[in-house]
Amino acid sequence: MPIQYYIVLALVLFCIGIIGVLIRRNAIIIFMCIELMLNAANLLLVAFSKMHNAAATATNSNVGIEGQLFVFFIMVVAAAEVSIGLAIIVMMFRNVHSIDVNFLNRLKN
Amino acid sequence: MNAIIFSALIGVVMMLGGIVIKNNASIQSLAIILLFILLGSHLAEYYNLFNIHIETHGMLAKNRFGMFFNTIIISLTLLYVLLSGDEIAKAGTYGAEYFALLFFSLCGATILSSYNNLLMLFLGVEIMTIPLFVLTASEKKNLKSNEAGLKYFLMGSFSTGILLMGIALYYGGTGLFAIEAGIGKNANEIQQTLRILLPLGLLFIFISLAFKVSAAPFHFWTPDVYDGAPSVFTSFMATIVKTAGFIAFIRLFELRSVDMSYSWKILLPLIIILTLLAGNITAVFQQSVKRMLAYSSIAHAGFMLFALYNPNDFGKQGILLYTVAYSLATIGTFAVLTKMKDYTYEGYNGLAKSKPVLAATNTIFLLSLAGIPLTAGFFAKYYMLASALKESTRNLWLVIVAVLFAAVSVYYYFRVIQAMYFKEGNAETTEIKPFFKVLLIIIAALIIVIGLMPSLLLDLFYA
Amino acid sequence: MAITEIIFWFLSALAVISAIMVVVSKSPVHSVLWLVTVFFAISGHYILLNAQFIAIVNIIVYAGAIMVLFLFVLMLMNLNKETEPQKNLWMKLTGVISGGCLLIILISLIRQATEIKGKIAITKTGDIGLIKVLGKELFSNYVVPFEISSVLFLSAMIGAVVIGKKD
Amino acid sequence: MLSVVNLSFIIHNSSNMNQLVYLIPLLPLIGFLVNGLLRKSLSKSVIAVIGSGVILASFIISLLLFFQVKNSGEQIINYFNLISIDKLVIPFAFQIDQLSSLFLLIITGIGFLIHVYSAAYMHEETNEHYGRYFAYLNLFVFSMLLLVMGANYVIMFFGWEGVGLCSYLLIGFWFKNNNYNYAAKKAFIMNRIGDLGFLLAVFWIIAKIGTVNYTDVFAAASSFSSTDITGITILLFVGAMGKSAQIPLYTWLPDAMAGPTPVSALIHAATMVTAGIYMIARSNILYSLSEITQHLVAIVGLATALFAATIAIKQNDIKKVLAYSTVSQLGYMFLGLGVGAYTGAVFHVMTHAFFKALLFLGAGSVIHAMHHEQDMRKMGGLKKYLPITHITFLVGCIAISGIPPFSGFFSKDEILAAAYEKNSIYWGIGVATAALTAFYMFRLYATTFLGNFRGTNNQAQHLHESPTAMTIPLIVLAALSIIGGFFNVPEVLGGHSSLHQFLSPALTSEIVHKSAHSTEYMLMGISVAIAVIAIIIAINKFSKKPELQETHGFAKVLENKWYVDELYDNIIVKPLNNLGGFFKNIIERKGIDGMVNGVGKLVNYSARQLRLLQNGLVGGYILFMVLAIIVLIYVWINDNHILSFFYKYF
Amino acid sequence: MVPVWLILIPLLTGLVSFGLQNAKVVKAWALFSTIISTTLIIAGIYFLPPSNLQFNAVWLTMLSSNFSFKIDGMSKMLCLLTAISFLIIFIAINKNEYKNSKSFYALMLLMQAGFMGVFTTTDALLFYFFWELALIPAYFLCSMWGGEKRIQVTFKFFVYTFTGSLIMLCGIIYLYFQTPNQTFSLESFYNLHLSHQQQSILFWLFFIAFAIKMPMFPFHTWQPDTYEQSSTGVTMALSGVMAKMGIFAVIRWVIPIFPEAVNHFNNIIIILSTIGIVYASLIAIKQDDLKRMIAYSSIAHIGLMCAAIFSQNNMAMQGVLIQMFNHGIVVIGLWVVADAVEQQLGTRKLSELGGLAQKAPALAIFIVVLAFANVALPLASSFIGEFLMLNGLFQHNILIAAIAGTTIILSAVYTLNMVQKIFYGNTVALTEKAVDISSNIKTALIILVTIIIVLGIYPQPMLNLVK
């Protein structure tokens, strides 16, 4: 598959994620949209990894492997982030019984 | 490597120690001892006495600049813990855990000073920030702290997304994650093929890192988070974490500057001016000293970006000097701030009378932040301006804009001095130990000494 | 049209549509489910690219563990029905327009790039995505980051405990 | 027109007098210091002796010097360099020549008499003020001597300003009275206006030849362009206008009568006000080169003479009449200078010093007797109470009216004769003024001394002749007023113009008298006749029935001095005051300060606006970030254009 | 070593005074310090071998900035002025009570160290250091002691001058990179060959800083407020010495480094200064507040100096040099009088005063001498300065000289007005109980008046000093 397709697809998903972050107020959904953005990056990485692998077939078959490993690490980090993020959201919910990000805006100016 | 390994290890030790030790004072002492060990092990590596060597396969690079920076941030952390240790321990029921988180965060910072691969950049940034999300939200009953934690987390994750997209594009452009990738590509090739992925990727990485160091217009999280977080952790975030972000920034971009010089000539000045504007001007309006310091940290980011814009000798030495000068002063002011009962300017009224030592040292910190000569802050700013003018005399206009904003900064820093010295009132503070005062005096003295002889510090770098 | 292309387009369409649904769904639970769909679609892409390890991890970790965690939290909060007050229409419009602009400007940039002209990502073949290869690489060249990510997990663990614990 | 001044007679060591020259100004200075510093501890008599003694000593030295100069001519004595920068060297040097030695005599001589007179006149003052008074007087004499003796314009300026200072101090001597203080201030400021002209002239001279020494300046005068010479002389003349109370800067002099009467006699009649005449006479070489300035000087002098005379007619304050008369006589002197009769002018300075000092001291004696009553409508018939004063005053009046053979006749005649040579209209106005002078002087005389006493009974009982310390100076001055004219009897009357001869080395040779003797006789006759008629009218009109009633119409305008003070107030003082107020309240506060504060306000305003961006909403923050990303990418794409645009301007 | 000691003595004594407790001891200590400084500078000028007037030591090797000091003619005079001024100030305010007096005297001494540094250093970076070192104590002095509105007013003063000096810093760094071997030494700045365009930009960068400091119209608004609000002892130092820093800096740092720009812009500056002279004088006439009046008078006098500098005439320059000294002495004298009046009567309003001469004859005599020195009457020291300056201006442009010359008229108007309103006339209720000045003020005034008159009669030593 031509690499442009993957790039465009990843960018579309990325931007949908961004739009989601912008238009939703529910903290969990915003967080999910961020996960969507991460996944877009993951997809792109894998696609690039295969692209580089294709470009350097004969010489070194391991070219492009780092892209996929990077995705693995992203998933690791994402998991850690989710644990913290959900903990914070739950804590907030306990205090104010809402997870609307606009509900909390004592901090401004 | 010692710094990374030991900082992670002392984090673990601290975490486990928390199970055994319940006494706050002991935890604090343990933390201090561990930090001394960390500093010692790092210095041992620095002077080639003892080094745990691990094959990193090019993930991390040992470099003098990073080593020196590590020395600085470890020392600053030590100073910070010495000054604010009891506040950390008091922040909640989990004193040991807080220390552990701080040490993990420090570990992230040390990674950032020596990474050689974008994967390590990514991991370093995450290791550094994830504990901070927790620390920010650590006052669980305090809605401000909750809010700050949530905001920080959401926006931090968002910036991580941007960073990853940037890294992906970078990878697409170069096929590697090593930061040297793409350097040395010959000029013809660059001209023949329109290369978009690499620069676009760098732009995204740039934006993400700009977020981390709170450069405008990606600074919006900073005031809210700094304000909402417990003061003692704000101090850590505003100093060690922030400067680590700059080091990460510089490591990446000093190598890239050749490629991208053309566009950066517009983007960086634009960002610098916006940052100075947002930081200085908005700080003027603030009523709370803590929030003012948050904006002031944005303003300082504007100055530190000069080093990125002009990565010459002056810029590199300057950023180290700036790190030290800014962090010392900020740690100091925050230490005083945490002792205040009222964080507004009025809360400082008459401090000079009730606590002359606090007022005097705080004045020196503020003078240093304002960049008044005879303090370290002056040379920090001086090096930044000089780096710009050394690069090109065309930068004169930028330098002038910067100093005009520096003049504005005097307004809000001096309001604190005015409150302390010239206004009537009785500023209330919590109990202050003599040791605390001694430390403050030492910091103030350091600021003055560096302000007189910056070479004392910088010679170490070149020695 | 080859079978790979059909699969590609199908998965892409599925991913995009599901992603849009994630954003527009009123119920948070629906959003979660749509997101799981997205992950499956992306995993499909991974398989198409012969990145089997990543595909599996994606399903296990993301679609399996993380999304279930999300669902748990939603259930815990009893937020399965629409509770989110409607955002100002203008805000939504601004969000969509700015996101759209970003997309357009990025895509137009990519279209100009000559460096990727004619480059392809190999589908269906190649063994770099195999667990064996990746595992070897991970525990040789990538052992340092692997170990370091343990620090990340430790801190996340402590953090979750510190925050989650009631006091 | 021009004859080269004889400069070469600088005689060294010809006499030990040279070594004493510095004593002339130094002695009064010492007197000033002693009296000033020790005024509280010294007794009045000691103060008076010191004060008068130093002047007497100076007078004696001056006299010796005078004779020496008469024999051996001019000397320049350098002491030290006041300023020495590059080529500009301004020495502290004295120039003793015929002109200055004559003035030295007038100053120290009359000064001495007035000191003596003052010793009695000021006796009512407390010790401290008495000492202060003599200190000021001594300082004044010192400054005046400096002015006259200086060998260059800068030293002259030292004295010039010094006398201004002393005048200020003495006019405001009774400082409790604020009117006096205003008068003092006015005098000083008006003088300063003139001083600016003087200074500018000095600068001009420096610009042209880089030195200010008289000898060098006059030697180089012929090389000046006509613009330079006109500019310099006019500016110098502006200085003279201030000091010598010429139109338009004359209004301070009548007000200066606020000072003690002996001060008026010394400063505002005999010496200081003639500084302008001295200066122009000193610079006669320059003036002779500029036709325009000469005409200007003559016209201003004449106008002042006439103008002041008209005012004097309607004044009722005895000192004010004398003051305007002084202004008028000074105008005469300037007429003389303007028409080239330098000797005539100097001669008139001398005779005027005699009779005007006499008149003032006489007036002082009257005032003393009347217990500080100065309004002559309340006097009358003092003839019998104050015999000596009366006689001497009458002598003064005759002298100033130009009746031969009293001194005023000769000096006035010389000026008038020269004026006639130049332009007969000058002469006509001059004669008319002389007639007015005779008229108002005898109006004064008649109202004061003739008729019946109109004062209160209390005053009448205490009327008495003044003490001898006051009458002796009167007598001496009366004698001088009578004989003073014989120093320079013109040839037409069989004399030798001895003063003219004496001064000729210092002054340019004047216009040769072309007129026939018969014309001169006729001119003298006419002026004397008119004066006599005026005197008769005045005595007739005022000896019996002085004007006590309110004045109307034109007379009122005259009584109010043509409303010149009001005019100045309205066209200069008030506008300047308003301008100052405008600057202070509008420009300074709203404009400049407002601009500076405006910057502060702008910062504050933008802070208030910028903080609105910080709205506390995560969505908002991220929106800004996204927008910023879009903008950054856009900028990044178009870097070329933007950068070249910037480089064009920076 | 003389310059180093001149800085170190006040610096160290100042730091020591922070630790002293007894107010009397502090006063004596400060006086002692200034006496030593004065002796030292006099010895340095007249007795010690000239080699002592220079000092060089390495400071920042990597920036090639050195501790280099040199006392030339102008520095001699200004150091002398600084030392004498502070001596007189300390004598004159000896009887005044300040709360927390140790800090007051300590800060005053630190400020003196700053002044000395500015006047002697030949290194641009060091110059900037001392420039600010003089400012910071001034900020604290003015904010801590003084009138009601002192805090805001001082803050304006501080920000204004600080902004100016920061802009100058940009200029200094710019020049630093222009020098061939990148140094801050004055010498190498003098040897620079800058293009016309560079000069025109840099000229303003430097000049604005100095114009604010002087202050020159229209950068002066901080000055009357600050002088009015701050405690008089401080005001003496500000107007007597600090204002001279601006003039000094223009002569040392602007004129020789940017000759072309000076040629190009001199008319603008002369015209502005001349406007300033008339403007400030007219405002001074309208002032009812004694301190504000002196402040505006000071602006007018400084304006004349500034115009004279830019007339680029050697005589005018000499005039400026000695006038810096003379104006310092005279204006300090006026402040001493103002302080004496305010301390005793508690008001500075001219309209509320009157007849003081009857109660305080000694003070009246001094004020008359000072007033006539202020109007530049011959025999007072300021005359020679103003004479030379106006002369120089005249050589430059006749009209400008005539307008600037009105200062001698206008200054007479406001000065005499002031003298009259305070000292003459009948006493009012306020002055009824007034007594004459105390011995310390008398001593201070005697010193001042002696200097004024001696230099007025025989100015040549001063002219030789600055040659």
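Remember, it's a predicted structure, so these values are computed and weren't measured experimentally.

Q: I tried to follow the overall build of chain B on my own but got confused; where do I start?
A: When you go through chain B residue by residue, the secondary structure sums to 18 helices and zero strands. In terms of principal-axis extent, the alpha carbons of chain B reach across some 70 × 55 × 45 Å. Residue burial in chain B is summarised as follows: out of 463 residues, 73% are buried. For chain B, restricting intrachain contacts to residue pairs at least 6 apart in sequence, the fraction spanning at least 24 positions comes to 82%. Put simply, chain B shows about 12,000 Å² of open surface, and 64% of that area lies on carbon and sulfur atoms. Measuring between centres, the 29 positive side-chain charges of chain B sit 2 Å from its 22 negative side-chain charges.

Q: Please clarify how the interface of chain A and chain D should be interpreted in this entry.
A: Think of interface size as the accessible area that goes away when the parts come together; that is how it is often given. Contacts between chain A and chain D engage nine residues on the former and ten residues on the latter. For the pair chain A and chain D, the summed buried surface comes to about 830 Å²; carbon and sulfur atoms form 68% of the total. Summed over the shared surface of chain A and chain D, the number is zero salt bridges. If you look at where chain A meets chain D, you find zero residue pairs in polar contact (both at pLDDT 80 or more).

Q: How should the domain arrangement of chain D be read in this particular structure?
A: Domain annotation for chain D reports domain 1 (290-550), domain 2 (560-611) and domain 3 (613-650). With centres defined by C-alpha atoms, the gap from domain 1 of chain D to domain 2 of chain D works out at 50 Å.

Q: What am I meant to see in the arrangement of the chains here?
A: Between all eight pairs of chains that are in contact, chains A and C come out with the most contacts. These two, chain A and chain E, are apart from each other, with no contact and a minimum C-alpha gap of 25 Å. Between chain C and chain E there is no contact; the minimum C-alpha to C-alpha separation amounts to 39 Å.

Q: Hey, could you run me through the nonpolar core in this one?
A: Generally speaking, a soluble globular protein has its nonpolar side chains buried in company with each other. Counting 770 residues, the largest nonpolar core has Tyr382 of chain B together with Tyr153 of chain D as the members making the most contacts within it. If one sorts the elements of this core by residue count, helix H10 (residues 231-285) of chain B sits on top with 25 residues. For tyrosine 153 of chain D, the residues in contact, after removing those within four places along its chain, are Phe198, Val202, Ile205, Val212, Tyr214, Val217, Phe218, Leu236, Ser283 and Leu286 of chain D. Ala298, Val431, Ala434 and Leu523 of chain D belong to the second largest nonpolar core, which has 16 residues in total.

Q: Quick question: what am I supposed to make of the interface of chain C and chain A here?
A: Every contact between the two is made by 82 residues of chain C and, on the other side, 71 residues of chain A. Here chain C packs against chain A, burying approximately 7,000 Å² in sum over the two surfaces, 79% of which is carbon and sulfur. The interface formed by chain C and chain A holds zero salt bridges in total. Here chain C and chain A share eight residue pairs in polar contact (both at pLDDT 80 or more) between them. For the side of chain C that touches chain A, the elements supplying multiple residues, two or more each, are helix H1 (3-24), helix H2 (28-48), helix H3 (52-77), helix H4 (89-112), helix H5 (131-140) and helix H6 (143-164) of chain C. Classifying every residue of the side of chain C that touches chain A gives 53 nonpolar, 19 polar and ten charged.

Q: Can you walk me through helix H5 (residues 124-144) of chain E in this structure?
A: Since there are 3.6 residues in each turn of an α-helix, residues three or four apart along the chain are aligned in direction. Residues and elements named next belong to chain E. The end-to-end C-alpha separation of H5 is 31 Å, in line with the 30 Å expected for 21 residues at 1.5 Å each. Across the 21 residues that make up H5, a large majority, 21, are buried. Backbone nitrogen of leucine 125 and a side-chain oxygen of the N-cap are separated by 3.1 Å at the start of H5; the cap is aspartate 123.

Q: Would you take a moment to explain the packing of aromatic side chains for this structure?
A: How two aromatic rings sit relative to each other is given by the distance of their centres and the angle of their planes. Per the counting criterion, the structure on display carries 132 aromatic pairs over all chains. A cation over a ring is seen here: arginine 415 of chain B above tyrosine 345 of chain B, with NZ or CZ 3.9 Å from the ring centre.

Q: Just to check I follow, could you spell out the side chain of serine 466 of chain D for this structure?
A: All names here are of chain D. Relative to the elements of secondary structure, serine 466 occurs in the loop between helix H20 (457-462) and helix H21 (468-483). Among the residues examined, serine 466 registers a relative accessible area of 7% and is labelled buried. A polar side-chain atom of serine 466 sits 2.6 Å from a polar atom in the side chain of serine 365. Setting aside residues up to four positions removed in sequence, serine 466 forms contacts with Ser365, His368 and Thr471.

Cut-offs used in this document
Residues numbered from 1 in each chain as written. Chains lettered and ligands numbered in written order. Predicted model: local features only at pLDDT ≥ 70, side-chain atom pairs only at ≥ 80, totals over all residues. Heavy atoms only, no water. Helix = DSSP H or I, 4+ residues; strand = E, 2+ residues; numbered from the N terminus. Buried < 20%, exposed > 50% of the residue type's maximum accessible area, 1.4 Å probe, protein only. Contact = heavy atoms within 4.5 Å. Areas by Shrake-Rupley, 256 points an atom, 1.4 Å probe, with all protein chains shown as cover. Lys, Arg positive; Asp, Glu negative; His and termini not counted. Charge placed at Lys NZ, Arg CZ, Asp CG, Glu CD. Buried area = accessible area lost by both parts, 1.4 Å probe. Salt bridge = Lys/Arg side-chain N within 4 Å of Asp/Glu carboxyl O. Polar contact = N/O pair within 3.5 Å; in protein donor to acceptor, adjacent residues only side chain to side chain. Domains from an automatic or database assignment. Core = buried A, V, L, I, M, F, W, Y, C linked by side-chain atoms within 4.5 Å. Nonpolar A, V, L, I, M, F, W, Y, C, P; charged D, E, K, R; others polar. Expected span 1.5 Å × (residues − 1). Phe/Tyr/Trp six-rings, centres within 6.5 Å; stacked < 30°, edge-to-face > 60°. Lys NZ or Arg CZ within 6 Å of the ring centre and 35° of its normal.

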